[in-house]
Amino acid sequence: MSTAPAIEAHGLVKRYGEATALAGVDLDVPTGAVCALLGPNGAGKTTAVRILTTLTPADGGTARVAGYDVSTDAVAVRRSLGLAAQDATVDGLLNGRENLVMIGELHHLGRKRAKARAEELLEQFSLTDAADRLAKQYSGGMRRRLDLAATLVNEPKVLYLDEPTTGLDPRARNELWGVLDVLVAGGATVLLTTQYLEEAERLADDIVVVDHGRVIARGDARELKRQVGGDQLHVVVNDLADLPRAAELMSSVAGVAATVDQSERAVTAPAAGGVRDIAALAGLLVEQGIAVEDVGLRQPTLDEAFLTLTGQPSEEAG
Amino acid sequence: MSTTSAERPAATVPAVRERSTFVHDTWVIARRGFIHIRRQPEALSDATIQPIMFVLLFAYVFGGAISVPGGGDYKDFLMGGIFAQTIVFGCLGVALSLSADRNNGAIDRFHSLPIPRSSLLAGHAVSSLFRSFLPLLLMTLSGFVVGWGIHGSFLEALAAYGLMILFSFAMIWVGVLLGSLVATPEGVQGIAFAVIFPVTFIASTFVPPATLPPVLRTMAEWNPTSSLANSLRHLFHNPGGAAPPNAVWPTAHPIAYTLIWAVGIVVVCAPLAVRAYQRSIRS
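Keep in mind that what you see is a predicted model, and the values were worked out from it rather than measured. (Residues numbered from 1 in each chain as written. Chains lettered and ligands numbered in written order. Predicted model: local features only at pLDDT ≥ 70, side-chain atom pairs only at ≥ 80, totals over all residues.)

Caption draft 1: Representation of the overall build of chain B in the model. The helix and strand inventory of chain B stands at 13 helices and zero strands. Along chain B, from the amino end to the carboxyl end, the secondary structure elements read α-α-α-α-α-α-α-α-α-α-α-α-α. Counting all 283 residues of chain B, 43% fall into the buried class. Counting only contacts in chain B whose residues sit at least 6 apart along the sequence, the fraction spanning at least 24 positions is 82%. (Helix = DSSP H or I, 4+ residues; strand = E, 2+ residues; numbered from the N terminus. Buried ≥ 20, exposed ≤ 12 C-beta atoms within 10 Å, placed from the backbone. Contact = placed C-beta atoms within 7 Å.)

This is the structure in structure tokens:
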């Protein structure tokens, strides 16, 4: 497999008046890789996608997609890409088939090829039965599938998915993830943006964490978690009333103050001593008669990683 | 690259034609516009129900109270005005469809495709122009129903319809400008009501300008809606088509004045509209 980068961006800068949406972003996505841009609302994810799809010119920096420069070779870039924007941009007044045929014609497949390609995609996305219904009557999940089908009409070398599962219920989300798995297995290069850590971890090889227009961390999920710190002691108590005492015990074992999570009835602290700490903590808990649901060592969650990296929880819009 | 193409049947690889695709792409987007018109009859009300309603309201409700200068049937006087009003209102259709496209992300979708960006605007313009034919037909028919008549020659009638189509084309560029400057479809509706609606009324649309107070009268006399209405009356040989002896230049030469406006709107508004459109999609 070729290892030439499918997306190559250096020092991308974008300003909207006074506000800086991107403050020098570098990206390297190898062919066939799945990269997630992870960050809160307003972090600059969509701006990066707009520049890399030629929708918006950058104020600084360079970018090449599938080997073509986004500013000097925009049409060649557009021929190589598929974009599924944040809101599924299917045409509600056209039916499923008409949507796909129109996109095919605008990719200059010719009417006959456009029709044949539409049928292939309807089949692939289980939309054949709904092909003659207007897209505005589709469910959210179906609209997403049609939108995704539309982005694949030209068999793009690079696929952009801007928050692909925002607004979907869990079932539709799982369904869409399944579809993406198949695409990725087929060798597509994908750049996706998401606010959901779970989604980035589930789909992407590489995660690039962006905040305030800058890349603040990158790596795979494991590496990101490691950046935040090593293993942690983790205890879930049965009775909420025991939580302060459990925290006290854990702090004494860990040598630093434990973090208390009331809603999860959990306390965590860095486990510098590894298994030895666990054993000591377990002994103390039994001695004090604190009933626990769970005691163990674990890696920090990506949510915690995110909090440490950005200084704010991932759910909170920035 | 070689690995991915090997996994796909060769027949599904897109054949990309290198020649300019502007005409083809414009037509594909115009066809989408036609489908929208057909499947969204409620969005056409400004071009269908509204003109018919005005024909009926003015013919039967207000008509009796308005006297036509130089005599003649008010229904004959009225039709030129309603044609003109509807044509001026025609800028709304394209403004609404453009701002809807911008708000639901359709423009981004199109701009991520390998098509000349101008073809999107051109496609909207073509479908809007065809859209403007519909009210002309409906008004002609409803005019006949209430007793309007074309009393001039066939060629004059042809010239009248040609002038209407030309002015419709000019108004499309006003619509593109409006649709690009105003962020939302609701905003477009608001401006239509606050600006375009009075413009079509402070004119010779429904009443002879001689009956208006001096300031409004001057506005009406120089308003191209008036000259368009007067041109049509003149070409259809309807009452109000002949200018009084001491009339101001636009009233005395309605066709020339209307043509100047049509060309002027295209020359001024089209480049402004394209610029505003480009700016509106860039952010």
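Structure's up, so let's keep going.
Caption draft 2: Local environment of helix α4 (residues 74–89) of chain B. The first and last C-alpha atoms of α4(B) sit 22 Å apart over 16 residues, in line with the 22 Å expected at 1.5 Å per residue. The buried fraction of α4(B) is high, at 15 of 16 residues. (Expected span 1.5 Å × (residues − 1).)

Caption draft 3: The nonpolar core, seen in detail. Ala36(A), Leu52(A) and Tyr160(A) are the most contacted members of the largest nonpolar core, which totals 135 residues. Grouped together as the second largest cluster of nonpolar side chains are 16 residues, Val235(A), Leu249(A), Leu281(A) and Leu285(A) included. (Core = buried A, V, L, I, M, F, W, Y, C linked by C-beta atoms within 7 Å.)

Caption draft 4: Spotlight on the packing of helix α7 (residues 118–146) of chain B against helix α8 (residues 154–181) of chain B. All names here are of chain B. The contact between α7 and α8 brings their axes to 10 Å, and the two run at 135°. Overall, the two elements α7 and α8 adopt an arrangement that is oblique. In the crossing of α7 with α8, the sense of the turn from one axis to the other is right-handed. Contacts between α7 and α8 involve Leu121, Ala125, Ser128, Leu129, Ser132 and Leu136 from the first element and Met164, Ser168, Phe169, Ile172, Gly175 and Val176 from the second. Grouping the amino acids of the contact of α7 with α8 by side-chain chemistry returns eight nonpolar, four polar and no charged. (Axes fitted to C-alpha atoms, helices over the stretch in contact; angles between N-to-C directions. Parallel < 35°, antiparallel > 145°, perpendicular 65-115°, else oblique. Left-handed = near helix turned anticlockwise from the far one by under 90°. Nonpolar A, V, L, I, M, F, W, Y, C, P; charged D, E, K, R; others polar.)

Caption draft 5: Structural detail: the sheet that holds strand β12 (residues 259–261) of chain A. Residues and elements named next belong to chain A. Strands sit in the order β12-β13-β11-β14 across an open sheet of four strands; the sheet is antiparallel. Of all strands in the sheet, those with a lone pairing partner are β12 and β14 (292–298), marking the two edges. Along the sheet, successive strands turn relative to each other by an average axial angle of 15°, direction set aside. Relative to strand β13 (residues 266–270), β12 is paired through three bridges, and the arrangement is antiparallel. Residue pairing in the sheet places Val260 in a bridge with Val267 of β13. Sheet strands in contact with helix α9 (residues 243–254) are β11 (232–237), β12 and β13, and its direction is about 10° off that of β13. (Pairing = 2+ DSSP bridges.)

Caption draft 6: Geometry of the pairing of strand β2 (residues 19–30) of chain A. Residue and element names in this part refer to chain A. Pairing geometry for strand β1 (residues 5–16) and β2, over nine bridges, is antiparallel. In the sheet register, Lys14 faces β2, and the bridge partner there is Leu22. In sequence, β1 turns back onto β2 through a hairpin of two residues, with Gly17 there showing a positive phi of about 60°.

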